[in-house]
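A closer look at the structure
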Amino acid sequence: MHIMEGYLPAGHAVLWTVVATPFVIHGTQRLLKLLAGQPQAKLLLAAAGAYTLVLSALKIPSVTGSSSHPTGTGLGTLLFGPPVMAVMGTIVLVFQALLLAHGGLTTLGANVFSMAVAGPWVAWGVFRLGRWLGRVALFLAVVAGTLVTYGVTAVQLALAFPDPQSGVVGAVIKFLVVFGPTQIPLALSEGLLTVVMMNALTASGRANRGDLALLKGRGRQ
Amino acid sequence: MTKPVIAVRGEREHSILLLAVMAGLVGMPLMWSMPGEVNKAFTSTDSEAIALITTLAPDYLPWVEVWWQPPGQAVEGFLFALQVVLGAGGVGYCLGRYHNSYGFWCPGISQHGRMESSISGESFTNVSG
């Protein structure tokens with residue numbers, strides 16, 4: 001889902017960078033505030049970051065006969081909220097762009113917007129709407145977040161490369177056909193795995209539940 | 001809070017079930033073919049997207065090259081594996097520390113590794129055993 005280096009025209013690349021930057025700055029402020037106010041959150045933060053690193057590096061075979069990777073941003077979003085995830089997702093994307101030739105610096109803005117902004121915010125929204133469903137809401141939020149990430153990527157590519165006959169809308173559909181069927185089973189897998197991670201985090205059933213403020217419904221830091 | 005043991009057991013079984021379903025989701029495409037499936041080479045959707053760009057805009061040339069490419073498939077695979085290893089190690093380490101700091105997995109040891117139990121020697125035995 002990371003748009004490869006050079007595969008967005010310069011204008012689009014600049015535009016998406018401009019769109020994504022405020023989210024990352026806002027997220028950085030929130031992250032610093034979180035670390036200053038709740039230093040004990042560092043460990044969970046590191047766990048969520050590492051989780052994103054794992055999932056975004058795992059190319060998983062899918063039912064369509066192609067393979068793709070999940071985003072891994074759902075867990076951090078549900079623990080710390082979307083602004084913090086914008087920063088962590090950006091770090092992972094920079095890492096992959098520089099060291100793995102996966103994604104790129106010119107397409108970083110677009111990739112940050114899809115994976116670290118749009119996906120987390122949708123996941124957050126779905127979770128808030130469905131909170132009464134408990135763990136099922138976690139699952140649905142993660143699935144929605146991952147699918148939206150790929151949907152946004154499809155739109156970004158379609159805006160840059162509209163179909164000569166059917167225009168932007170036609171191109172969106174074509175890109176969605178490339179990503180969608182492959183991504184749906186992977187999104188379901190990521191949803192399940194994230195619930196497992198949450199189970200593991202809350203396993204002691206004691207004091208540490210207090211840290212997971214979101215799950216307790218106390219709002220976020 | 002009054003029945004933590006039951007909660008933990010339930011969650012563990014729940015988690016194992018979810019992991020099994022996940023393994024099925026990932027393993028299924030390796031065994032069966034789907035009707036109308038595009039290919040069976042498990043190529044990355046990223047490269048399929050690039051192929052689509054090439055058909056939509058045949059004249060488009062990427063205007064920037066990646067500054068560094070892993071030399072060959074094997075090195076690329078190694079780097080991705082390395083990323084997974086670092087990430088999974090990090091997740092495991094943090095989970096362990098996290099629970100440990102609340103005295104869940106190592107009930108005799110407090111947040112900073114100090115012994116809390118009055119029979120301190122036995123706490124360590126419990127940890128290793």
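Here, every reference points to the structure presented above.
Rules and cut-offs
Residues numbered from 1 in each chain as written. Chains lettered and ligands numbered in written order. Predicted model: local features only at pLDDT ≥ 70, side-chain atom pairs only at ≥ 80, totals over all residues. Heavy atoms only, no water. Helix = DSSP H or I, 4+ residues; strand = E, 2+ residues; numbered from the N terminus. Rg over C-alpha atoms; globule rule 2.2 N^0.38 Å. Buried < 20%, exposed > 50% of the residue type's maximum accessible area, 1.4 Å probe, protein only. Contact = heavy atoms within 4.5 Å. Areas by Shrake-Rupley, 256 points an atom, 1.4 Å probe, with all protein chains shown as cover. Lys, Arg positive; Asp, Glu negative; His and termini not counted. Charge placed at Lys NZ, Arg CZ, Asp CG, Glu CD. Patch = residues over 30% accessible without salt bridge, like charges linked within 9 Å, V, L, I, M, F, W, Y side chains within 5 Å. Salt bridge = Lys/Arg side-chain N within 4 Å of Asp/Glu carboxyl O. Phe/Tyr/Trp six-rings, centres within 6.5 Å; stacked < 30°, edge-to-face > 60°. Pairing = 2+ DSSP bridges. Axes fitted to C-alpha atoms, helices over the stretch in contact; angles between N-to-C directions. Core = buried A, V, L, I, M, F, W, Y, C linked by side-chain atoms within 4.5 Å. 1 Å grid on protein atoms, 1.4 Å probe; cavity = no way out; pocket = protein on both sides within 12 Å on 5 of 7 lines; lining within 4 Å. Points joined across faces, edges and corners; volume = space filled by probe spheres on them. Nonpolar A, V, L, I, M, F, W, Y, C, P; charged D, E, K, R; others polar.

As a further point, take the overall build of chain A. Within chain A, the regular secondary structure consists of 8 helices and 2 strands. Reading chain A from its N terminus to its C terminus gives the helix and strand order α-α-β-β-α-α-α-α-α-α. Over its C-alpha trace chain A gives a radius of gyration of 17 Å, about what one expects of a compact globule, namely 17 Å for 221 residues. By the burial criterion, 64% of the 221 residues in chain A qualify as buried. Excluding contacts between residues fewer than 6 apart, the proportion of contacts in chain A whose partners are at least 24 apart in sequence is 73%. A total accessible area of about 7400 Å² is found for chain A, and carbon and sulfur atoms account for 74% of it. Distance between charge centroids for chain A: 18 Å, based on 13 positive and 4 negative side chains.

Another aspect to go through is a nonpolar patch on the surface. Residues and elements named next belong to chain A. Taken together, the side chains of L15, V19, F23 and W121 make up a nonpolar region of the molecular surface, amounting to roughly 320 Å² of accessible area. Here the nonpolar patch takes 3 residues from helix α1 (residues 10-37), the largest share from any one element. Looking at the secondary structure, you find F23 in helix α1.

A word on the environment of F23 of chain A. Residues and elements named next belong to chain A. Judged by relative accessible area, F23 falls into the partly exposed class, the value being 31%. Counting along the chain gives 90 residues from F23 to F113, while the straight-line C-alpha distance between them is 8.5 Å. Once you skip the residues sitting within four places of it in the chain, F23 turns out to touch A86, F113, V117 and W121.

With that out of the way, let us pick up the packing of aromatic side chains. Each aromatic ring pair is specified by the distance between its two centres and by the angle formed by the two planes. Inspection of every chain in the model, using the stated rule, returns 5 aromatic pairs over all chains. Seen in terms of ring centroids, F161 of chain A and Y60 of chain B are 4.8 Å apart; in terms of plane orientation they differ by 80°. Their pairing is edge-to-face. Taken together, the residues F161 of chain A in the loop between α6 (135-160) and α7 (167-201) and Y60 of chain B in the loop between α2 (45-56) and α3 (73-101) connect one chain to another. On the basis of relative accessible area, F161 of chain A is assigned to the buried category, the value being 2%.

Look at A101 of chain A: it is not a glycine, yet its phi comes out positive at around 55°. Structurally, A101 of chain A can be placed in the loop between α4 (82-99) and α5 (108-129).

Right, let's get into the sheet that holds strand β1 (residues 60-61) of chain A. Strand order in this open sheet of 3 strands is β1(A)-β2(A)-β1(B), and the pairing throughout is mixed. Of all the strands in the sheet, the pair left with one neighbour each is β1 of chain A together with β1 (43-44) of chain B. Relative to strand β2 (residues 66-68) of chain A, β1 of chain A runs antiparallel, the two sharing 2 bridges. When the sheet's bridge partners are listed, I60 of chain A is paired in β2 of chain A with S68 of chain A. Packing against the sheet, α7 of chain A makes contact with β1 and β2 of chain A, and its axis sits at approximately 50° to β2 of chain A.

What follows concerns the nonpolar core. All names here are of chain A. Of all hydrophobic cores here, the largest spans 45 residues; its most connected members are L79, F80 and L201. Counting residues per element, this core draws most heavily on helix α2 (residues 42-57), which supplies 10 residues. Apart from the residues within four sequence positions on either side, F80 is in contact with L34, A41, L44, L45 and A48. Among the nonpolar cores identified, the runner-up in size contains 35 residues, and L8, W16, A110 and A160 belong to it.

Looking now at the layout of surface pockets. Of the pockets and cavities examined, the largest pocket occupies roughly 330 Å³. Lining the largest pocket we find 14 residues, and of these K59 and H102 of chain A together with Q73, E76 and F80 of chain B sit closest to its centre. Tallying contributions element by element places α3 of chain B first for the lining of the largest pocket, with 4 residues. Grouping the constituent residues of the lining of the largest pocket by class yields 6 nonpolar, 5 polar and 3 charged.

Turning our attention to empty space enclosed by the protein. Per the stated rule, a full pass over the model turns up 3 cavities of 30 Å³ or more. In this structure, the largest cavity spans a volume of roughly 70 Å³. Contributing to the lining of the largest cavity are 12 residues, with H2, I3, M4 and L157 of chain A together with A49 of chain B lying nearest its centre. Sorting the residues of the lining of the largest cavity by element identifies α6 of chain A together with α2 of chain B as the ones contributing at least two each. A per-element tally of the lining of the largest cavity places α2 of chain B first, with 4 residues. Among the residues making up the lining of the largest cavity, the classes are represented as 9 nonpolar, 2 polar and 1 charged. Counted as a void, the second largest cavity has a volume near 40 Å³. Looking at the second largest cavity, the residues that line it are T71, T73, G74, G119, P120, A123, V142, G145, T146 and E190 of chain A.

The values reported here are purely geometric and, on their own, carry no functional implication.
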